[in-house]
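Close look at the chain arrangement
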Amino acid sequence: MSRNKLLLVLLSSSLLVGCAADYLNNYDTMTLASGDSQKANQLLQTVDPYNPASNNTKIEGDGARSVAAVQKYKLPPISTATTMTTNGSSGSGATN
């Protein structure tokens, strides 16, 4: 019976120590948000910090133009073989 009591005491003490773990996690370091109190207070007192146009959910757009843009990036570009000469002639060898 004493062994069961010992296990019960160990189990209950381990549960109590687990609850105190957050209390023991106090560090003497700076956080990343240190020094932002003035900006935080300004944002709290701002009447409407959002752009009025951000509530507009009806975005104008052209579906055909959007599809053409997507197809342009999905498909490889079509290369056309064109011959060009350096002097601008047709390449027949005839001179004026």
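About the thresholds
Residues numbered from 1 in each chain as written. Predicted model: local features only at pLDDT ≥ 70, side-chain atom pairs only at ≥ 80, totals over all residues. Heavy atoms only, no water. Helix = DSSP H or I, 4+ residues; strand = E, 2+ residues; numbered from the N terminus. Buried < 20%, exposed > 50% of the residue type's maximum accessible area, 1.4 Å probe, protein only. pLDDT = per-residue confidence, 0-100. Expected span 1.5 Å × (residues − 1). Patch = residues over 30% accessible without salt bridge, like charges linked within 9 Å, V, L, I, M, F, W, Y side chains within 5 Å. Areas by Shrake-Rupley, 256 points an atom, 1.4 Å probe, with all protein chains shown as cover. Salt bridge = Lys/Arg side-chain N within 4 Å of Asp/Glu carboxyl O.

Of the regular secondary structure elements, the chain holds four helices and zero strands. Written out in order from the N terminus, the α and β elements of the chain read α-α-α-α. Of all 96 residues assigned to the chain, the portion counted as buried reaches 0%.

Before going further, it helps to spend a moment on the confidence of the model for the chain. Taken residue by residue, the chain gives an average pLDDT of 75. The fraction at 70 or more is 68%. When the elements of the chain are averaged for pLDDT, helix α2 (residues 21-24) gives the smallest value, 63, and helix α4 (residues 63-74) the largest, 89.

With that settled, consider α4. Along its twelve residues, α4 runs 16 Å from first to last C-alpha, staying within 8% of the 16 Å computed at 1.5 Å per residue. Sparse coverage of α4 is indicated by the burial of zero of its twelve residues.

All right, on to a nonpolar patch on the surface then. The grouping of L6, L7 and L10 at the surface amounts to a nonpolar patch, some 300 Å² of accessible area in total. Relative to the elements of secondary structure, L10 occurs in helix α1 (residues 2-19).

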